[in-house]
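Summary of the model geometry
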Amino acid sequence: MTRTERQIEDGTDRRVALYAGLFTYAMTLGHLAVNSASRVTDLERIGQEMAPAFSWFIEATSVVYILLLFIGLILLERRFPLASTRWTIAIPVHIAGVLGYATLHIFAMAWTREALAPLLFGIDYRFFEDPVREFVYELRKDVLTYASHFLVLSGFRAIQTHRMEAIGARAEARQTHRLTLKCGGRIIRLEADRFDSARAAGNYVEVHTPAGGHLARITLSELEKQLTEAGIDAVRVHRSWLVNRARIAEIAPTGEGDVAITLESGARIPGSRRYRDRLAAA
């Protein structure tokens, strides 16, 4: 692993933990408020007298351990990221993970309630009157919590990985004057001064050079940023086309403000009137 790749990985881990943590903690605390208020309302509907503080206590003793266990999920997701872990490893890891998560959550929550309820409310609280039923009941909820939190972490990792890879690719272009292109399962380092043009093709971009083309997983905007960092004067001439200004041989009007651009290689590229101002210096 190169220094740049290590920096990308470390930066991704830190941001996933920070952003996913802030998001999850905010959502969980929101659920605490909603569930506690709903519990109070439900008890009032059926005519049961119960201090509102007790409802908040019941929900809080669950939430506090959910928030603590989220730290463990951060470490687990970092070790076994969803996108890059084989299913033969992921399945046993997550079966063990969810059972461990649920067991810690349920027993910690139960112990806290049984220990504090008599002190705070004068109530002899018994959580495990029917241990099997209570454990299965709580386990179902913990499976959903575990899965949703892990998916949140995975989603933030996908976003941050893409962002950090883009930053790393621009730094690489600035230092080495080479483009970083993901082509299938390969990563190609292409000398930036070989770039002729590029055309958007769905979720990909066709990058053209004198020696041939490459179908890369990148956006035109991100490719343009890499080229700029590498010192190449790339210009957007159409919503689907990017060209190397130094390779332009001729610009000819075609009517209605559009143009036809001919490159030194002989390739003809459409130019939209929307982007005419960017060609003014060509």
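Summary of the structure given here. (Residues numbered from 1 in each chain as written. Predicted model: local features only at pLDDT ≥ 70, side-chain atom pairs only at ≥ 80, totals over all residues. Heavy atoms only, no water.)

**Considering the nonpolar core**
In terms of nonpolar packing, the biggest core is built from 20 residues, with L181, V207, L223, L227 and L242 touching the most fellow members. Looking at this core, the elements with two or more residues in it are β1 (178-183), β2 (186-191), β4 (204-209) and α5 (220-229). Apart from the residues within four sequence positions on either side, L181 is in contact with R186, I187, I188, L190, V207, A216 and L223. L69, F70, Y101 and V152 belong to the second largest nonpolar core, which has 16 residues in total. (Core = buried A, V, L, I, M, F, W, Y, C linked by side-chain atoms within 4.5 Å. Buried < 20%, exposed > 50% of the residue type's maximum accessible area, 1.4 Å probe, protein only. Helix = DSSP H or I, 4+ residues; strand = E, 2+ residues; numbered from the N terminus. Contact = heavy atoms within 4.5 Å.)

**As for helix α4 (residues 131-176)**
Its 46 residues place the ends of α4 64 Å apart at the C-alpha level, agreeing with the 68 Å of an ideal helix rising 1.5 Å per residue. Immediately downstream of α4, the backbone of H177 shows phi near 60°, a positive value. (Expected span 1.5 Å × (residues − 1).)

**Looking at the packing of aromatic side chains**
Tallied over the entire structure, the rule returns 11 aromatic pairs. The interplanar angle of 35° and the centroid separation of 6.0 Å between the aromatic rings of F54 and F57 together place this pair among those described as tilted. With F54 and F57 both in helix α2 (residues 52-79) and three residues apart, the pair spans about one turn of that helix. For F54, a relative accessible area of 10% puts it in the buried group. (Phe/Tyr/Trp six-rings, centres within 6.5 Å; stacked < 30°, edge-to-face > 60°.)

Limitation: the analysis is restricted to geometry and does not speak to function.
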